[in-house]
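# Summary of the model geometry
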Amino acid sequence: MSDNKAGAKTKSDIVKVATKLFYERGYEDLSLSEICKEAGITRTSFFYYFKDKADLADYVCNQIQSKYLGKLKLPLKGSNALLTMGIGIAYFFRLLLSDDILLRFYSEVLRANSDFLIGNDFYYNFFKGLAAYATTIKSEEDFNIYYISCTSIPGNLLFSYRNKTLDVPSEKIVEAILKTAILPLGNEEAAELIPKMLNFSKKLPIIPIKDLLG
């Protein structure tokens, strides 16, 4: 086996082990040493592939999202890219909120790894989205979701839903996340497409995360 193939296999093994452990234990309660021990590698070897536990968790999150979205079947005739993207976002977070163990992992990762930096393009667009979202508030329930979103970034929104300090239907959370992702794009039809994105995402089958972890 060449060095490249051996390296690729080692990285794959780390990710496979970490995905299983993150799913079972969450992010906060799992140490890097435990991941290395389970994967049968040294910490020195680990740092050849990832900067730290946070870097590995981000990679695992992306892998899970890719596996989920790779299963999507979107037979939308004449659909545009914005509509398809929105359906994918709504679908993934609907699945996320249906699996409490996966929800724990994502909420912990997002809360732990959110480096709030003024001038960061991501947060500039995020709060631009919140400003647009604010104009759609019509109830106390909508305001509570908006308030938590403003003050904590999505990780705490998911965390608050999971520990029930924010007692609202999961649909409200999916809609809030979708709005913060879509409205900043400034597309005139974005707000009108959101209900379609939400409705179509409901028609897609829920795939248990365990079916994708193997």
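Refer to the structure printed above.
This write-up is about the structure you can find in this document. What you see is a predicted model, and the numbers here were worked out from it, not measured in a lab.

## A look at the overall build of the chain
Along the backbone of the chain there are ten helices and zero strands. When its helices and strands are written in sequence order, the chain yields α-α-α-α-α-α-α-α-α-α. Here the chain, with 214 residues, has 43% of them falling under the buried criterion. Across the chain, every contact between residues at least 6 apart in sequence was considered, and the portion connecting residues at least 24 apart equals 65%. Total accessible area on the chain is roughly 11,900 Å²; 53% of this is exposed by carbon and sulfur atoms.

## Side note on the environment of L32
Counting through the fold element by element, L32 comes out in helix 2 (residues 32-39). When its relative accessible area of 12% is taken as the criterion, L32 is described as buried.

## Considerations on the nonpolar core
When a protein is soluble and globular, its nonpolar side chains tend to lie buried together. Counting 63 residues, the largest nonpolar core has F22, L56, F105, I173 and M197 as its most contacted members. Element by element, the count of residues in this core is highest for helix 5 (residues 81-98), at ten residues. With near-sequence residues (within four places) excluded, F22 lies in contact with Y27, L30, I35, K53, L56, A57, V60 and F105.

## Some words on the packing of aromatic side chains
This model, assessed by the stated rule, comprises nine aromatic pairs. Ring centres of F22 and F105 lie 4.9 Å apart, and the angle between their planes is 25°; on these two criteria the pair is classed as stacked. Here F105 lies in helix 6 (residues 100-112) and F22 lies in helix 1 (residues 3-25), a separation of 83 residues in the sequence. The same class applies to F22 and to F105, which are both buried. Between the aromatic rings of F105 and Y106, the centroid separation amounts to 5.7 Å while the plane-to-plane angle is 80°, which identifies the pairing as edge-to-face. The structure contains a cluster of three or more aromatic residues connected by ring pairs, namely F22, Y27, F92, F93, F105 and Y106. Cation over ring: K53 sits above Y27, and NZ or CZ is 4.2 Å from the ring centre.

## What about the packing of helix 5 against helix 9 (residues 170-182)?
Contact geometry of helix 5 with helix 9 gives a least axis separation of 9 Å together with a crossing angle of 145°. The way helix 5 lies across helix 9 gives a crossing that is right-handed. Here L82, M85, G86, I89, A90, F93, R94 and L97 of helix 5 lie close against helix 9, whose contacting residues are S170, E171, I173, V174, I177, L178, A181 and I182. Residues that form the contact of helix 5 with helix 9 fall into these classes: twelve nonpolar, two polar and two charged.

## Here we look at helix 2
Owing to its 3.6 residues per turn, the α-helix brings residues three or four apart onto one side. Restricting attention to buried positions, one finds in helix 2 the residues L32, I35, C36 and A39. The buried residues of helix 2 occupy one face: seen down the axis, they fall within an arc of 95°. Those residues of helix 2 that are exposed and aimed more than 90 degrees away from the buried face are K37 and E38. Backbone geometry just downstream of helix 2 places G40 in the positive-phi region, at approximately 70°.

Each value, and the rule that gives it
Once a new chain begins, its residue numbering starts again from 1 and follows that chain's sequence as written. Only residues with pLDDT of at least 70 get local features here, since the model is predicted, and only at 80 or more are side-chain atom pairs given and counted; chain-wide, interface and lining totals rely on the full set of residues. The basis for every side-chain value is the complete set of heavy atoms in the structure, and neither hydrogens nor water enter the calculation. Helix and strand labels come from DSSP, where a helix needs a run of H or I of at least four residues and a strand needs a run of E of at least two; each type is numbered from the N terminus. Exposure is judged per residue with a 1.4 Å probe applied to protein chains only, and the accessible area is read against the type maximum: over 50% gives exposed, under 20% gives buried, and values in between give partly exposed. Throughout, a contact is declared for two residues whenever any of their heavy atoms are within 4.5 Å. Here the Shrake-Rupley method, with its probe set to 1.4 Å, supplies the accessible areas, and only the displayed protein chains count as covering residues. Buried Ala, Val, Leu, Ile, Met, Phe, Trp, Tyr and Cys residues that are joined via side-chain atoms within 4.5 Å together make up what is termed a nonpolar core. For Phe, Tyr and Trp, rings pair up if their centres lie within 6.5 Å, where Trp contributes its six-membered ring, and each pair is then called stacked (planes under 30 degrees apart), edge-to-face (over 60) or tilted (otherwise). A ring is considered to have a charge above it if a Lys NZ or an Arg CZ atom is located within 6 Å of its centre and within 35 degrees of its normal. Helix axes use the C-alpha atoms of the stretch in contact, all axes being lines fitted to C-alpha atoms, and the angles between their N-to-C directions lie in the range 0 to 180 degrees. Note on convention: the crossing is left-handed when the near helix lies turned anticlockwise from the far helix by less than a right angle, right-handed when the turn is clockwise. Residues are grouped as follows: nonpolar covers Ala, Val, Leu, Ile, Met, Phe, Trp, Tyr, Cys and Pro; charged covers Asp, Glu, Lys and Arg; every other residue, Gly included, is treated as polar. In this description, the arc belongs to the directions extending from the helix axis to the C-beta atoms.

Function-wise, these values are silent; they only describe arrangement.
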